[in-house]
Amino acid sequence: MSKRIKLTGKFVIGHDGNSHVVYEDGCVVYQGDEILFVGHDYSGPVDEVWDTGKSIVSPGFIDLEADVDTDHANFDPVLWGRVPRPEATFQPGPKFRTVDPYTDEDFSVRQKYSMAQLIMNGITTAMPICGEQFHGWAQTYHEFEIMAESVKEMGIRADLGPSFKSCGIRGGQVDEVREKQSFEDALRYFKEYDGTAGGMIRGFINPCQIAITRPEILRRAKDFAVEVNAPMRLHACEEDVEWKFMLPKHGKTTIDFFDEWGLLCPQLLIPHAITLKDSDIRRLAEHRMTVIHTPIAEINYGAGLNSFSKYQTMGINMSLGTDAQPVDMIQNMRLAWDIDRFCEWHSLACRYNEDDTITDLMADQPDWPKTTAADYFNAATVNGAKALGRDDLGKLAPGARADIVVVDLDDLRVGPYEDPIRTLVVSCVGNNVRHTIIGGVTRMKDWKLVGVDEEKLRRDAQRVYEKYLSLFGEYDALGRGIDQLCPPSFPILKR
Ligand SMILES: [Zn+2]
């Protein structure tokens, strides 16, 4: 029998059935993976009292685009640009999409390292996204067998599913053998792993984008997702490249095409979803769909959502994903709010003319309602849970799962606090997360992962990351290494 623990804190974020509510000087009582009580006074017996002092006691964050590799985004702002620079752009050579360069050990290391990062940032539920840049095809069944072991070892809650696609590159030749294999593997994985690890693992359907996956396959995937009522995540409308691909090939932009193929449904989660017409947004809302907003990852490519408020007001379920370094949900909430304010104030869309007039390129936009810190906190908690079809995640309430995060406010780096949610979003970062409890098990205590050799994990991850960096030189048609594609910021003088 697990211990009944009463955890107290300055601000306990409970839930009244409709909305988060804040219990000042409150407590949360949990036993095993179940929350028994949230409020001010608990009179029943407990085995242990854990006072977390001046803190925010929050439901764990839900990351629907959690990078479970060590590859992502460090140098994306350098590598990619609006104007193509062939001297800085990786060109696939003969080895590309032929072999998988990673060993089982490499996969295990990068998965566990990333999960450690997620846990340390207060993310208790993750729907992984893994870089497949140098994969032989998609993410394999076997890669996800290893992932399931990593999930069990690290103790994070995860929705898992290998990816599948029809061709290796955008507009490339369809490879029917590999398409069939990867699709069937994904369905087999779902059937075998959904609900395993004591319920910590759930399955999801994970096709690649429309430019590399045939609509026939997407349709079958969607039918499966609806049949088993599981989420299906499909990247779409990330950039105008897709728009320019879809129009000549299909005579339609992406959402019109998805609608024609019957893909729109509540189970479908769309990461990014930036290049949407207003009619597209309305259509997604009619189908009660979720957008996964990843502000840090998007801004690495000069992109941002226009606007969070518009999407939310039109009825989209707005959720969040990290999808880039740092794997910091709090910074993502902050940046999402910042970008929304750019849209609200039109500040980047104004031109100050020589004739002393101002041209506001967004003048035709209605004034969407002002968003608040609560909107972004909801996106990182209850809205993510809704996207996963889970009523027992993203909130601290009796009967919910015991996924609890404690953010320390007794810290000069945070500054004085006021409203806890605003303080969290504006003044805190992931490093202020002090304790993380998942499924009732303390996975991080006082900023230390419990039962994890952090030093070994860091060493191993650095080795795997350096291997990844070396792959650029191996896979590039011109043999250019990462030093050439992304020159150092300053000259590095070796000893
Ligand atoms: Zn993404």
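Refer to the structure printed above.
Residues numbered from 1 in each chain as written. Predicted model: local features only at pLDDT ≥ 70, side-chain atom pairs only at ≥ 80, totals over all residues. Heavy atoms only, no water.

### Side note on the coordination of the zinc ion
So, step 1. In the first shell of the zinc ion, the protein supplies Glu65 (OE), His235 (NE2) and His272 (NE2), at 1.9 to 2.2 Å from the metal.
So, step 2. Between consecutive donor residues of the zinc ion, the sequence gaps follow E-x169-H-x36-H. A residue pair is termed long-range when its members are at least 10 positions apart, and Glu65 in strand β6 (residues 61-67) and His272 in the loop between β13 (268-271) and α8 (278-286) qualify at 207 residues. Both residues of the pair, Glu65 and His272, count as buried. (Donors = N, O, S within 2.8 Å, 3.2 Å for Na, K, Ca; no water. Helix = DSSP H or I, 4+ residues; strand = E, 2+ residues; numbered from the N terminus. Buried < 20%, exposed > 50% of the residue type's maximum accessible area, 1.4 Å probe, protein only.)

### A few points about the pairing of strand β2 (residues 20-31)
So, step 1. By the bridge criterion, 11 bridges tie strand β1 (residues 4-15) to β2 in an arrangement that is antiparallel. Its bridge partner being in β2, Gly14 is matched across the sheet by Val21.
So, step 2. Examined bridge by bridge, β2 and strand β3 (residues 34-39) share five bridges and lie antiparallel to one another. Counted as the bridge partner of Val28 is Val38 from β3.
So, step 3. Two successive antiparallel strands, β2 and β3, enclose a turn made up of two residues, where Gly32 displays a positive phi of approximately 55°. (Pairing = 2+ DSSP bridges.)

### Focus on helix α4 (residues 176-193)
So, step 1. Between its first and last C-alpha, α4 extends 26 Å over 18 residues, near the 26 Å set by a 1.5 Å rise per residue.
So, step 2. Among the residues of α4, those classed as buried are Glu179, Ser182, Phe183, Asp185, Ala186, Leu187, Tyr189, Phe190 and Tyr193.
So, step 3. Buried residues along α4 sit in contact with α3 (141-154), β8 (157-160), β9 (163-164), β10 (201-203) and α5 (215-228).
So, step 4. In the segment just after α4, Gly195 is the residue with positive phi, at about 85°. (Expected span 1.5 Å × (residues − 1). Contact = heavy atoms within 4.5 Å.)

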